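Observations on the three-dimensional arrangement
Listed below are the residues making up each chain.
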Amino acid sequence: MARRKIFAGNWKMYKKRQEALDLVKGLLAGIADIGEREVVVFPPSPWAKDVADLCRGSQMAVGMQNMHFEQEGAFTGEVSPLMVKDAGCRYILIGHSERRHVFGETDDDVNKKVMTALKNDIEPVICVGELLKEREKGLTEEVLKRQVVKGLAGVSAEQMKNIVIAYEPVWAIGTGKVATPDIADEAHRFIRKVVEGLYDAKTADLVPVLYGGSVKPDNIAGLFAKEHIDGVLVGGASLKVDSFLDIVRVK
Ligand code: PGA
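Basis of the calculations
- Residues numbered from 1 in each chain as written.
- Predicted model: local features only at pLDDT ≥ 70, side-chain atom pairs only at ≥ 80, totals over all residues.
- Heavy atoms only, no water.
- Phe/Tyr/Trp six-rings, centres within 6.5 Å; stacked < 30°, edge-to-face > 60°.
- Helix = DSSP H or I, 4+ residues; strand = E, 2+ residues; numbered from the N terminus.
- Buried < 20%, exposed > 50% of the residue type's maximum accessible area, 1.4 Å probe, protein only.
- Lys NZ or Arg CZ within 6 Å of the ring centre and 35° of its normal.
- Pairing = 2+ DSSP bridges.
- Right-handed = clockwise from strand over helix to strand, strands pointing away.
- Near = heavy atom within 4 Å.
- Polar contact = N/O pair within 3.5 Å; in protein donor to acceptor, adjacent residues only side chain to side chain.
- Areas by Shrake-Rupley, 256 points an atom, 1.4 Å probe, with all protein chains shown as cover.
- Nonpolar A, V, L, I, M, F, W, Y, C, P; charged D, E, K, R; others polar.

Moving on to the packing of aromatic side chains. According to the stated counting rule, one finds two aromatic pairs in the structure shown. Centre to centre, the rings of F7 and F224 are 5.1 Å apart; their planes meet at 55°, and the pair counts as tilted. Taken together, the residues F7 in strand β1 (residues 6–10) and F224 in helix α10 (residues 220–224) connect sequence positions 217 residues apart. F7 sits in the buried class, given a relative accessible area of 0%. Considering the side-chain rings of Y167 and Y211, the 6.3 Å spacing of their centres and the 55° angle between planes classify their relative orientation as tilted. One end of the pair, Y167, is in strand β6 (residues 164–167); the other, Y211, is in strand β7 (residues 209–212), with 44 residues separating them in the sequence. Judged on exposure class, the residue Y167 and its partner Y211 are both buried. When the ring centre of F103 is taken as reference, the NZ or CZ atom of R99 above it lies at 4.1 Å.

Right, dumping it as structure tokens:
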């Protein structure tokens, strides 16, 4: 079985409602003939339902950028997995570097969210990645291994079919400094090896591993050509119809 190919756009805290709807309509018009490729957008939470309504029956799925790990409760300002599901979202971004480094999310939080997502039939896109200082100290593999092992604690081999991993080196996010295809592929290969150690070769072979960090129309081809890069998680370049479509439609 071939690995799924996924092109995801993380809109972060950009786009007012009408802008979000216009972007989705533009994307939908441009992806009708992309074959097996899957497209996912992560709009700001208040527009998730509207975006999901527009995407129903199309090749584009919708996710939220964050949620709480409890089903409901007195957690002012948080979004519950029940709401994510109710809004029509299939995916949830978990442990994005901005969540980890700006909002202080820990590996333990990430794991709780992964387990809650699975329980609610929401598919987690688990983000992992090292800081520049960690890479410079030769700690990349140690960091990736810790984030993957802790993030997946308690996830069964069967549940792994609903997991996507995104490798996003923190030094490459929003900086214009994309990882070279070789650096990214090596990290992806390592992540797959960690998954194999936790489960088995088949599970590792099937888990989609996306690359994220300054992906643009002019660097996508080299990245996507790599054996272990199964797609991308795009920030800045996913905010415009043309640039995201150029990425999704890479040869
Ligand atoms: P970027 O963001 O493409 O703007 O670097 C990627 C991400 O944060 O997912």
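A separate point is the pairing of strand β4 (residues 91–94). Neither face of β4 is exposed, since Y91 and L93 on one face and I92 and I94 on the opposite face are all buried. With two bridges joining them, strand β3 (residues 60–64) and β4 adopt parallel strand pairing. Paired with M64 across the strands is I92, a residue of β4. Considered for its hand, the β-α-β crossover made up of β3, helix α3 (residues 81–86) and β4 is right-handed.

This part takes up the site of the ligand. K12, H96, E168, G174 and S214 are the nearest of the 13 residues found near the ligand. Residue K12 places a side-chain N or O atom 2.7 Å away from an oxygen atom belonging to the ligand. Here an oxygen atom of the ligand and a side-chain polar atom of E168 are 2.7 Å apart. The protein chains hide 97% of the 280 Å² of surface that the ligand would expose on its own. Here the shell around the ligand is composed, by residue class, of four nonpolar, seven polar and two charged.

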